Amino acid sequence: MGTAGKAALRSRLLQARRAIADDVRAAEAQALTEHLSALTTGTGTVCAYVPVGAEPGAIAMLDVLSRRNLRVLLPVARTTSDDVPLPLRWGEYRPGRLVAARFGLLEPPEPWLPASALGQAGAVLVPALAVDRHGVRLGRGGGFYDRSLALAAPEAPLIAVVRDEEVLDELPCEPHDVRMTHALTPGTGVTSLGAGMTRAT
């Protein structure tokens, strides 16, 4: 599948998400929040993100992690002066203190940590439009996570957060892709992906 095919697939997936009724979206967000209890235990750091628009989930997911004495880091997306995506920086989540940012995102205010802070995480929740059973992830095409995920600790689960219908049999894989090790969906919770433990770098 070439660039045009991936763009068409992204468009179809986004349209399907936008067509989900509000009550279904809310129920799925609640289910995702409840499934996070299976994600990790004890203390440590989790890298997550703030769902925006039609993305599955809700800020309540971050609150659940925070209440479990986990340090929650959120991405800060920036580009060069000529609009080339940079590796994500990270800021600590504080309830009620998110600020509006580019691309319609919400992010923590400064101070921010360098891109290498991703390596401190014991688990990474990753936004995705779809993921396949081999761990290949389809993002929005911005390239921020492509430039960042290789910095994750080798043992850290990389967990794509998607709807159940967005776990597909196969997606196109490119050399720079870092494979997901797990998917988190409303219906099945956290599940392992077949070849996800072998990361493509």
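For every chain, the first residue of the written sequence is number 1, and numbering continues from 1 along that sequence. Side-chain atom pairs in this predicted model are given and counted only at pLDDT of 80 or more, local residue features only at pLDDT of at least 70, and totals for whole chains, interfaces and linings cover all residues. Side-chain measures were taken over the full set of non-hydrogen atoms in the model, leaving aside hydrogen atoms and water.

As annotated in an unreviewed UniProt entry, the chain carries the name 5-formyltetrahydrofolate cyclo-ligase and comes from Mycobacterium talmoniae. UniProt positions are given in the numbering used here, feature names are shortened, and annotations may be inferred rather than shown by experiment. Listed under Cofactor (unreviewed entry) in UniProt, the entry text for the chain is "Mg(2+)".

Student: Hey, could you go over the layout of surface pockets for me, with residue numbers and the actual values?
Tutor: Gaps left between atoms are located by rolling a probe of water-molecule size over the structure's atoms. Estimates place the volume of the largest pocket at around 820 Å³. As for the largest pocket, its lining consists of 35 residues, and the residues nearest its centre are R137, R140, G142, F144 and Y145. A run of H or I in DSSP becomes a helix once it reaches four residues, and a run of E becomes a strand once it reaches two; helices and strands are each numbered from the N terminus. Counting only elements with at least two residues in the lining of the largest pocket, the list comes to α1 (3–18), β2 (70–76), β5 (106–107) and β8 (137–138). With four residues, α1 is the single largest residue contributor to the lining of the largest pocket. For the lining of the largest pocket, the class distribution of residues is 18 nonpolar, seven polar and ten charged. Note on definitions: the grid is 1 Å and covers protein atoms alone; a cavity is a set of points where a 1.4 Å probe fits but cannot get out; a pocket is an open set with protein on both sides within 12 Å along at least five of seven lines; lining residues have an atom within 4 Å of a point. Grid points are joined across faces, edges and corners, and a volume is the space filled by probe spheres set on the points. Amino acids outside the nonpolar list (Ala, Val, Leu, Ile, Met, Phe, Trp, Tyr, Cys, Pro) and the charged list (Asp, Glu, Lys, Arg) are all regarded as polar, and Gly is one of them.

Student: Break down the packing of aromatic side chains for me, citing the residues and quoting the values.
Tutor: Pairing of aromatic rings covers Phe, Tyr and the six-membered ring of Trp, with a centre-to-centre limit of 6.5 Å; geometry is then stacked below 30 degrees between planes, edge-to-face above 60, and tilted otherwise. In total, this model carries one aromatic pair according to the counting rule given. Geometrically, the ring pair formed by F103 and F144 is edge-to-face, given 5.7 Å between the ring centres and 65° between the ring planes. Here F103 is found in the loop between β4 (99–100) and β5, whereas its partner F144 is found in the loop between β8 and β9 (158–161), with 41 residues between them in sequence. On the accessibility criterion, F103 (47% relative accessible area) is partly exposed. With a 1.4 Å probe rolled over the protein chains alone, any residue whose accessible area is under 20% of its type maximum counts as buried; one over 50% counts as exposed, and the rest are partly exposed.

Student: Got a sec to walk through the sheet that holds β9? Specific residues and values, please.
Tutor: Note on pairing: DSSP must find at least two bridges between two strands before they are called paired. Taken together, the seven strands give an open sheet; going across it, the order is β3-β2-β1-β6-β9-β11-β12, and neighbouring strands pair in mixed fashion. Edge positions in the sheet fall to β3 (89–92) and β12 (189–192), since each of these pairs with one other strand and no more. Here the average twist between neighbouring strands, direction ignored, is 30°. Across the sheet, helix α2 (residues 22–35) touches β9, β11 (182–185) and β12, and the angle it forms with β11 is around 130°. What counts as an axis is a line fitted to C-alpha atoms, over the stretch in contact for a helix, and the angles between N-to-C directions run from 0 to 180 degrees. Residue contacts follow a heavy-atom distance rule, with two residues in contact if any of their heavy atoms lie within 4.5 Å.

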